[in-house]
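An overview of the molecular structure
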Amino acid sequence: MKEGFPLFPHAASSIASRVDALYFYLIAVSVFFSLLIALSILYFAIKYRRRSESELPTGVEGSLKLEIAWSVIPLLISMTFFIWGASIFFAMNRAPNDALQVSVVAKQWMWKFQHSDGQREINELHVPIGRPVRLTMASEDVIHSFYVPAFRVKRDVLPGRLSTIWFEATRPGRYHLFCAEYCGTKHSGMIGWLEVMDPVAFQGWLAGGSGSESLASAGAKLFAQHACNTCHRPDSLARGPNLEGLFGKTVSLQGGGTVVADENYIRESIVAPNAKLVEGFQPIMPTFQGLISEEGLLQLVAYIKSLSKVAPPPGGVAPPIQPAPREGEAAGKATK
């Protein structure tokens, strides 16, 4: 699209061109069949018009070939819609493992961002060009919707669960960020900017931050503050599941059934621990619903993810702190 045509946004992400191609294909098919049907109606209206009061129409025999054609051809065309759309859908929902991790909290009426190293932003998000970025989003109040037209990405942010979305910016610049779901009287003011920077400039911007602690470190403090480590421990005194290496694994539940330990499962286990009881453990964990904010829940999720060896820790997240070895152990290691 031309630079001076503002009605169609720039294609500024790796997925944007694929979305546009499918969009224009749908338009082309719609225009073709609209013209075909309109011209056919006009042609048949003229060809088979009644020419006199005494004229009687002749009977028309059915055509099996014609009926098969107008059934099979639309089916094949609609299958191209499905297959093409499904391929884009899966690509938009499978973030690369090396994606930068950013947590997002939506509230009336602002966007709060926190990078994995602790850098915070409000209504503005800085990202590097050519690097996948994965957003883990939560809402503090009502339904919001994260929408960047230039990236062709949009995802609802729902209260009570986590939503994820990813993108890879392909051109530098500032791009509008909108809430695409009516969320209250100041919905129109819930806007922001997404700043795409050169990787070197982005690293310089990160280095000039406020020095806030990382998501995982803040989560580790919350974990200890609420005494979670008294039950979730790797020894025989544990009264809750061991969280090391948990993320991404399949968990067996009481009464049968399994569940994958993803972000939403971890969040649900914190606010509604009895909803899915892990096999072999008693329902003794209290609920933390209302005691921990959505921002705190995202920090706890980031900390538990950092304990996992299944998925690589996000960039900027410090590894979990290991207990210091005893004097005898330290001396033994020193002599090896």
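Rules and cut-offs
- Residues numbered from 1 in each chain as written.
- Predicted model: local features only at pLDDT ≥ 70, side-chain atom pairs only at ≥ 80, totals over all residues.
- Heavy atoms only, no water.
- Salt bridge = Lys/Arg side-chain N within 4 Å of Asp/Glu carboxyl O.
- Helix = DSSP H or I, 4+ residues; strand = E, 2+ residues; numbered from the N terminus.
- Buried < 20%, exposed > 50% of the residue type's maximum accessible area, 1.4 Å probe, protein only.
- Contact = heavy atoms within 4.5 Å.
- Pairing = 2+ DSSP bridges.
- Axes fitted to C-alpha atoms, helices over the stretch in contact; angles between N-to-C directions.

**Concerning the pattern of salt bridges**
Pairing between side chains of opposite charge can happen when the charged atoms of each approach one another. Enumeration over the complete set of coordinates arrives at twelve salt bridges. Residues E140 and K112 are paired through a salt bridge, measuring 3.7 Å at the closest nitrogen-oxygen approach. Residue E140 is located in the loop between β5 (132-139) and β6 (144-148), and its partner K112 is located in strand β2 (residues 110-115); the two are separated by 28 residues in the primary sequence. Classification of E140 by relative accessible area gives partly exposed; the value is 34%. A salt bridge links K221 to E213, with the shortest nitrogen-to-oxygen separation between them at 3.2 Å. The exposure class of K221 is exposed, given its relative accessible area of 53%. E213 sits in the partly exposed class, given a relative accessible area of 33%. Taken together, the salt bridges that share partners define one network made up of K107, K112, R120, E140 and E295.

**Topic: the side chain of Q299**
Mapped onto the elements of the fold, Q299 is located in helix α6 (residues 294-306). What makes Q299 buried here is its relative accessible area of 8%. Once you skip the residues sitting within four places of it in the chain, Q299 turns out to touch Q114, R120, L215, A218, G219 and L222.

**Concerning the sheet that holds β6**
Overall, mixed pairing links the five strands, which are arranged β4-β10-β9-β6-β7 in an open sheet. Edge positions in the sheet fall to β4 (124-128) and β7 (153-157), since each has one partner strand and no second. Going from strand to strand, the sheet's axes swing by 20° on average, the running direction of each strand aside. Both β6 and strand β9 (residues 173-179) contribute to a ladder of two bridges, which runs antiparallel. Paired with Y147 across the two strands is F178, which belongs to β9. Relative to β4, helix α3 (residues 199-207) is tilted by about 130°, and along the sheet it contacts β4 and β10 (191-197).

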